[in-house]
Amino acid sequence: MLDLLLTRRSCRKFEDKAVEAEKKEKLLQAAQLGPTGKNTRPWEFVVVEKKETLQKLGDCRQPNQPFLPKTPLAIVVLGNTQKTDTWIEDVSIAAVIMQLEAEKLGLGSCWVQIRLRESNQGMSSEEYVRKLLGIPEYMAVLSIIAVGYPSGTMPAHQLDEVDQAKIHTETY
Ligand SMILES: Cc1cc2nc3c(=O)[nH]c(=O)nc-3n(C[C@H](O)[C@H](O)[C@H](O)COP(=O)(O)O)c2cc1C
């Protein structure tokens, strides 16, 4: 796992190649197998691959996220706010597990923040994505995970980035 964590980097440039159905399925399986508070599993996902929709998703943020229209696969990560007060934690864990599974499958990914951000269209990012995709009010839109085959490579993380000063033993 440490090797995977060292090589995973956010990917914002993708090859013009679709993600195979089996890999898509594995990503969505992985996302739903993580821990959740009281086992409530408050996540839902919208899988977007239509070029036209990806183009519009690019305006979900101010300034816009120019790589989204060129992303082969965008997985919109939602949390059911009526199910649990730990939806942010639960759904963030799911999104990160999906990013790690993507790395394992030879794919690149990037988290695009939606919650608490503004769109290019005079409304919150959340409202913009909700309207575009027909998402009900009680489902919060946390993020979009952009996925595809990476075009180019990014340098791996190094173990010397780990900051020992952030680790406290027994007391702070
Ligand atoms: C909560 C969160 C929000 C992020 N939001 C964005 C974003 O909106 N757009 C983007 O391009 N990257 C976003 N990222 C990716 C970070 O910029 C990236 O993880 C960070 O710079 C470290 O780089 P690395 O992922 O290559 O290790 C986000 C990551 C997290 C965890």
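Below: a short report on this structure. (Residues numbered from 1 in each chain as written. Predicted model: local features only at pLDDT ≥ 70, side-chain atom pairs only at ≥ 80, totals over all residues. Heavy atoms only, no water.)

### Notes on the site of the ligand
Within the structure, the ligand sits among Arg 8, Arg 9, Ser 10, Arg 12, Arg 61, Gln 65, Phe 67, Cys 110, Trp 111, Val 112, Gln 113 and His 157. Between an oxygen atom of the ligand and a side-chain N or O atom of Arg 8, the distance comes to 2.9 Å. Burial of the ligand by the protein amounts to 60% of the accessible area it has alone, namely 620 Å². Classifying every residue of the shell around the ligand by side-chain character gives 4 nonpolar, 4 polar and 4 charged. (Near = heavy atom within 4 Å. Polar contact = N/O pair within 3.5 Å; in protein donor to acceptor, adjacent residues only side chain to side chain. Areas by Shrake-Rupley, 256 points an atom, 1.4 Å probe, with all protein chains shown as cover. Nonpolar A, V, L, I, M, F, W, Y, C, P; charged D, E, K, R; others polar.)

### Description of the packing of aromatic side chains
The tally for this structure, following the rule as stated, stands at 0 aromatic pairs. A cation over an aromatic ring shows up here: Lys 17 above the ring of Tyr 149, its NZ or CZ 4.0 Å from the ring centre. (Phe/Tyr/Trp six-rings, centres within 6.5 Å; stacked < 30°, edge-to-face > 60°. Lys NZ or Arg CZ within 6 Å of the ring centre and 35° of its normal.)

### Thoughts on the side chain of Lys 24
Its place among the elements puts Lys 24 in helix 2 (residues 21–31). Among all residues touching Lys 24, those that are not within four sequence positions of it are Val 19, Val 47, Glu 49 and Leu 73. (Helix = DSSP H or I, 4+ residues; strand = E, 2+ residues; numbered from the N terminus. Contact = heavy atoms within 4.5 Å.)

### Observations concerning helix 2
Restricting attention to buried positions, one finds in helix 2 the residues Lys 23, Lys 24, Leu 27, Leu 28, Ala 30 and Ala 31. All buried residues of helix 2 lie within an arc of 160° about the axis, which places them on one face of the element. In helix 2, those exposed residues whose orientation departs by more than 90 degrees from the buried face are Ala 21 and Glu 22. Packing partners of the buried residues in helix 2 comprise strand 1 (43–48), strand 2 (73–80), helix 4 (87–104) and strand 4 (139–148). (Buried < 20%, exposed > 50% of the residue type's maximum accessible area, 1.4 Å probe, protein only. Arc of directions from axis to C-beta.)

### Let's talk about a nonpolar patch on the surface
A cluster of nonpolar side chains, contributed by Met 1, Leu 2, Leu 5, Leu 159, Val 162 and Ile 167, occupies part of the molecular surface with about 610 Å² of accessible area. By secondary structure assignment, the location of Leu 5 is in helix 1 (residues 2–7). (Patch = residues over 30% accessible without salt bridge, like charges linked within 9 Å, V, L, I, M, F, W, Y side chains within 5 Å. Salt bridge = Lys/Arg side-chain N within 4 Å of Asp/Glu carboxyl O.)

### Some details on the pattern of salt bridges
One pass over the full model with this rule turns up 5 salt bridges. The partner of Arg 130 in a salt bridge is Glu 126, and the shortest N-O contact between them spans 3.1 Å. Pair noted here: Arg 130 and Glu 126 are both in helix 5 (residues 125–133), with a separation of 4 residues, about one helical turn. Of the two residues, Arg 130 and Glu 126, neither departs from the other in class, the shared state being buried. Among the salt bridges present, the one from Lys 131 reaches Glu 127, with a minimum N-O distance of 3.9 Å.

### Topic: helix 5
All buried positions along helix 5 are accounted for by Ser 125, Glu 126, Tyr 128, Val 129 and Arg 130. Summarising the contacts, the buried residues of helix 5 are in contact with helix 3 (51–57), strand 2 and strand 4. Just past helix 5, the residue Gly 134 takes up positive phi, approximately 70°.

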